[in-house]
Amino acid sequence: MALCSVGRPLLQNTQRASGCFFKRKQTFCCKANVAQEEEVRLKLRLFPGGSIDLQKQESGIALMTVNNPSRMNAFSGSMMIELEERVCELESWTEGKGLIVQGAAGTFCSGSDLNAVRAISNPQDGMKMCMFMQNTLTRLLRLPLISVALVEGKALGGGAELATACDFRLLTSDAVIQFVHKHMGLVPGWGGAARLVRIVGSQNALKLLAGAKKVDPDFGQQIGLVDGVLTVGEGNSLVETERWLSQFTKGSAPVIRAVKKVVLSGRELSLDEALTTERHVFGTVWGGPANLEALALKTKHK
Ligand SMILES: CCCC(=O)SCCNC(=O)CCNC(=O)[C@H](O)C(C)(C)COP(=O)(O)OP(=O)(O)OC[C@H]1O[C@@H](n2cnc3c(N)ncnc32)[C@H](O)[C@@H]1OP(=O)(O)O
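Residues numbered from 1 in each chain as written. Predicted model: local features only at pLDDT ≥ 70, side-chain atom pairs only at ≥ 80, totals over all residues. Heavy atoms only, no water.

The protein chain goes by Ethylmalonyl-CoA decarboxylase in an unreviewed UniProt entry, where it is assigned to Ictalurus punctatus. Reading the Sequence similarities (unreviewed entry) entry of the UniProt record for the protein chain gives the comment "Belongs to the enoyl-CoA hydratase/isomerase family." (UniProt positions renumbered as here; feature names shortened; annotations may be inferred.)

(A) Here's a closer look at the layout of surface pockets. When its volume is computed, the largest pocket comes out at roughly 750 Å³. Ser112, Val117, Met129, His181 and Leu186 are the residues nearest the centre of the largest pocket, which is lined by 30 residues in total. Considering each element in turn, the lining of the largest pocket owes the most residues, five residues, to helix α5 (residues 123-141). Looking at side-chain class alone, the lining of the largest pocket contains 15 nonpolar, eleven polar and four charged residues. A volume near 630 Å³ is recorded for the second largest pocket. Lining the second largest pocket are 25 residues, with Leu141, Arg195, Arg198, Arg267 and Glu268 sitting closest to its centre. Secondary structure elements with two or more residues in the lining of the second largest pocket: α5, β6 (168-172), α7 (192-210) and α10 (253-268). (1 Å grid on protein atoms, 1.4 Å probe; cavity = no way out; pocket = protein on both sides within 12 Å on 5 of 7 lines; lining within 4 Å. Points joined across faces, edges and corners; volume = space filled by probe spheres on them. Helix = DSSP H or I, 4+ residues; strand = E, 2+ residues; numbered from the N terminus. Nonpolar A, V, L, I, M, F, W, Y, C, P; charged D, E, K, R; others polar.)

(B) Local environment of the packing of aromatic side chains. One pass over the structure, following the stated rule, counts five aromatic pairs. Between phenylalanine 75 and tryptophan 190, the aromatic rings sit 5.7 Å apart at their centres with planes inclined by 85°, giving edge-to-face as the arrangement. Here phenylalanine 75 is found in the loop between β2 (61-67) and α3 (77-91), whereas its partner tryptophan 190 is found in the loop between β7 (176-178) and α7, with 115 residues between them in sequence. Judged on exposure class, the residue phenylalanine 75 and its partner tryptophan 190 are both buried. For the pair tryptophan 244 and phenylalanine 248, a centre-to-centre distance of 5.2 Å together with 75° between the ring planes defines the contact as edge-to-face. Of this pair, tryptophan 244 and phenylalanine 248 are both found in helix α9 (residues 237-249), four residues apart, which corresponds to roughly one turn of the helix. In this structure an aromatic cluster arises from ring pairing among Phe168, Trp244 and Phe248. Sitting over the ring of phenylalanine 219, lysine 213 keeps its end group 4.9 Å from the ring centre. (Phe/Tyr/Trp six-rings, centres within 6.5 Å; stacked < 30°, edge-to-face > 60°. Buried < 20%, exposed > 50% of the residue type's maximum accessible area, 1.4 Å probe, protein only. Lys NZ or Arg CZ within 6 Å of the ring centre and 35° of its normal.)

(C) Inspection of the sheet that holds strand β9 (residues 228-230) at higher detail. Taken in spatial order, the six strands make up an open sheet running β1-β2-β3-β4-β6-β9, and their pairing is mixed. Only two strands of the sheet have a single partner each, and these edge strands are β1 (51-56) and β9. The mean inter-strand angle of the sheet, taken between neighbouring strand axes irrespective of direction, is 20°. Relative to strand β3 (residues 98-103), β2 runs parallel, the two sharing six bridges. Its bridge partner lying in β3, leucine 63 is registered against isoleucine 100. (Pairing = 2+ DSSP bridges. Axes fitted to C-alpha atoms, helices over the stretch in contact; angles between N-to-C directions.)

(D) View of the site of the ligand. Neighbouring the ligand are 18 residues; Ser70, Ser110, Ser112, Leu114 and Gly158 lie closest to it. Here a nitrogen atom of the ligand and a backbone polar atom of leucine 114 are 2.8 Å apart. The separation between an oxygen atom of the ligand and a polar main-chain atom of glycine 158 is 2.9 Å. About the coverage of the ligand: the protein hides 57% of its 970 Å² of free accessible area. A breakdown of the residues in the shell around the ligand according to their chemical character gives seven nonpolar, seven polar and four charged. (Near = heavy atom within 4 Å. Polar contact = N/O pair within 3.5 Å; in protein donor to acceptor, adjacent residues only side chain to side chain. Areas by Shrake-Rupley, 256 points an atom, 1.4 Å probe, with all protein chains shown as cover.)

Here you go:
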């Protein structure tokens, strides 16, 4: 498995399909990065526990579970490494269309494992862990899959940051997202602040971070952080989430992956770069099987 999470190029699959048009954004894996990453891994391995489980389903929807229930699904060091490995696996899953990220045992994730945090509370180690997680979560968000965080129970600190690394967030009616960093004398470091500003705007992001404000489903929907609410007790949240996601993942994998790529480039690139990307991605679906089938069926959009 390639150890090149640091500086993995943006939209690598699009690039492969249609040439190198992300030159400005590109940084390549270099020996120094790989060595640095290995050093971080060695350190993270000192804090074992829990797992990140991945199930790739025939439907094209994968299920990723943050699994450390005795610590409310807090991220141990080994879980950070496993998360990167699972993301790597998803990057090469060409049949994939969607991803659900959930926590085990009815709660989402309580952030970084505080035992590890205490042990690496010096700025140098904190920065390395932060860089590793920032990279992994950036790659998670950039997967050519439509992703949704199923938030049951609590998403706290780094758990709230993980939820922002998905395209959508669905909450059960009793769930809470809270950026508790300020109460911990911190700010987000896993890319959560940058993503939050893009999701809810800077005014709301400031309120959530400076006030460590609890976001319940109603408030979350008002500010655009929450995309839907699942009623607790009314069926299985996971089944409900799969049903919700399937409205976007129904159909041909190349087309759905292409949709994610053009939206991602619109979100992350300059207009000129995004337009170029859109042209290239368009070229990958134009005259493709789904396009030809729709033309043959004389599809009407009533
Ligand atoms: C850049 C990343 C920044 C960060 O993520 S910093 C970490 C931010 N997260 C936190 O501060 C969460 C602290 N925990 C809590 O507030 C509460 O435990 C929480 C999640 C609301 C759950 O409360 P309760 O339902 O009352 O359950 P509890 O407190 O008895 O917890 C059950 C067991 O889980 C443990 N736990 C919860 N969150 C943890 C964490 N982040 N790291 C390590 N252990 C954690 C907790 O210590 C308890 O263990 P034990 O049963 O006492 O052995």
